[in-house]
Amino acid sequence: MEQAFEGVISSFLQDRVGLYHNFLSQELSNNLKRNLLELLLANQLKVAGIGNNSKLLTNKSIRSDVIYWLDRKHNDIHENSFFDLIDAFIKYLNTTCFTGITGYEFHYAYYDKGSSYKRHLDQFKDDQKRAFSVIFYLNENWCLEDGGQLCIYHQNTTQIIDPMNGKCVFFKSSELEHEVLLNHTPRMSITGWLKVG
């Protein structure tokens, strides 16, 4: 996996956004997608909020996805395989880039047709523990007409990223505002943050 890790790091250093197209294997991506859809059918996904702690609120005009937090305590073999991959990535980041990452949090995100997430920054104003935002896409056979691209706002340009199956996106949580554009077919991902402190 070092090739994938290096691919993310090198593109991040060049463009402030790390990208790698097959970070998740086809098998792992398919298994995680199956898990997400089973949780959706079982009504286990909850409306996503905005903000944290006492400031947490829901507003579907700003954010209209539903989520389910991943946890090793669930003892799901595929999710634990995902966590093993994240642990290896963090070890590599800390060893080669001295990032000081001490933890993480990840959730499934499901955007039904007609959903979006308006422009925002991932790091909370009163909590700077989120160091890096990481997204892994679970959308097979995605095409341009499906929408749901990630739009990242750089200082003088915008970057549009297609939510292709297995792709990893990596950037600093405190630096880059971004949004999920309106989707025209269901859109699935695992989204999370690598944390410090």
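Undergrad: Help me out: how do you make sense of the pattern of salt bridges in this one?
TA: Any two side chains of opposite charge can pair if their charged atoms end up close together. Under the counting rule described, the total for this entry stands at nine salt bridges. When the shortest N-O distance is used, the salt bridge between arginine 16 and glutamate 175 registers 3.1 Å. Here arginine 16, found in the loop between α1 (2–15) and β1 (18–20), pairs with glutamate 175, found in the loop between β9 (168–172) and β10 (177–180); they are 159 residues apart in sequence, far enough to count as distant. Of the residues examined, glutamate 175 reaches a relative accessible area of 38% and is grouped as partly exposed.

Undergrad: Help me understand the sheet that holds β10 in this model?
TA: Strand pairing in a sheet relies on backbone hydrogen bonds. The paired strands run either parallel or antiparallel. Read across the sheet, four strands follow the order β5-β10-β7-β8 without closing on themselves; strand pairing throughout is antiparallel. Two strands lie at the open edges of the sheet, namely β5 (117–120) and β8 (158–161), each paired on one side alone. With direction set aside, neighbouring strand axes in the sheet form an average angle of 15 degrees. Judged from the four bridges that link them, strand β7 (residues 150–153) and β10 form a sheet pairing that is antiparallel. Along β10, the bridge assignment pairs isoleucine 152 with histidine 178.

Undergrad: Help me understand the packing of helix α2 (residues 26–41) against helix α3 (residues 77–96) in this model?
TA: Each packed pair of helices is defined by two parameters, the angle between the axes and the distance between the axes. As a packed pair, α2 and α3 sit with axes 9 Å apart at the nearest point and diverge in direction by 130 degrees. With respect to their mutual orientation, α2 and α3 come out oblique. Helix-helix and strand crossings are classified by hand; for α2 and α3 the assignment is left-handed. For the pair α2 and α3, the contacting residues are Leu28, Asn31, Leu32 and Asn35 in the first and His78, Glu79, Ser81, Phe82 and Leu85 in the second.

Undergrad: Can you help me understand the pairing of strand β4 (residues 103–111) in this one?
TA: Consecutive side chains of a regular strand alternate in pointing toward one face of the sheet and then the other. Of the pairings in the sheet, the one linking strand β3 (residues 66–69) to β4 comprises four bridges and is antiparallel in character. Bridge pairing links tyrosine 68 to tyrosine 108 in β4. In terms of strand pairing, β4 meets strand β11 (residues 187–195) through nine bridges, oriented antiparallel. Counterpart to tyrosine 111 in the pairing with β11 is arginine 187.

Undergrad: Would you take a moment to explain the side chain of serine 133 for this structure?
TA: Mapped onto the secondary structure, serine 133 falls in strand β6 (residues 130–137). Side chain to side chain, serine 133 and serine 173 meet in a polar contact 2.8 Å long. Look past the residues within four positions of serine 133 in its chain and what remains in contact with it is Asp122, Val169, Phe170, Phe171, Ser173, Gly192 and Trp193.

Undergrad: When you look at the packing of aromatic side chains in this model, what are you seeing that I'm missing?
TA: Pairs of aromatic rings are described using the distance from one ring centre to the other and the angle between the two planes. Under the definition given, this model contains 17 aromatic pairs. Ring centres 6.4 Å apart and planes at 45 degrees place the aromatic pair tryptophan 69 and tryptophan 193 in the tilted group. Taken together, the positions of tryptophan 69 in strand β3 and tryptophan 193 in strand β11 put the pair 124 residues apart, joining distant regions of the chain. Taken together, the aromatic side chains of Phe5, Phe12, Phe23, Phe82, Phe83, Phe89, Tyr92, Tyr104, Phe106, Phe132, Phe136 and Phe170 make up a single cluster linked through ring pairs. Across from the ring centre of tyrosine 153, 3.8 Å away, lies the NZ or CZ of arginine 119, which sits over that ring. For the cation-ring pair, arginine 130 lies above tryptophan 193, with the distance from its terminal atom to the ring centre recorded as 3.5 Å.

About the criteria used
Residues numbered from 1 in each chain as written. Predicted model: local features only at pLDDT ≥ 70, side-chain atom pairs only at ≥ 80, totals over all residues. Heavy atoms only, no water. Salt bridge = Lys/Arg side-chain N within 4 Å of Asp/Glu carboxyl O. Helix = DSSP H or I, 4+ residues; strand = E, 2+ residues; numbered from the N terminus. Buried < 20%, exposed > 50% of the residue type's maximum accessible area, 1.4 Å probe, protein only. Pairing = 2+ DSSP bridges. Axes fitted to C-alpha atoms, helices over the stretch in contact; angles between N-to-C directions. Parallel < 35°, antiparallel > 145°, perpendicular 65-115°, else oblique. Left-handed = near helix turned anticlockwise from the far one by under 90°. Contact = heavy atoms within 4.5 Å. Polar contact = N/O pair within 3.5 Å; in protein donor to acceptor, adjacent residues only side chain to side chain. Phe/Tyr/Trp six-rings, centres within 6.5 Å; stacked < 30°, edge-to-face > 60°. Lys NZ or Arg CZ within 6 Å of the ring centre and 35° of its normal.

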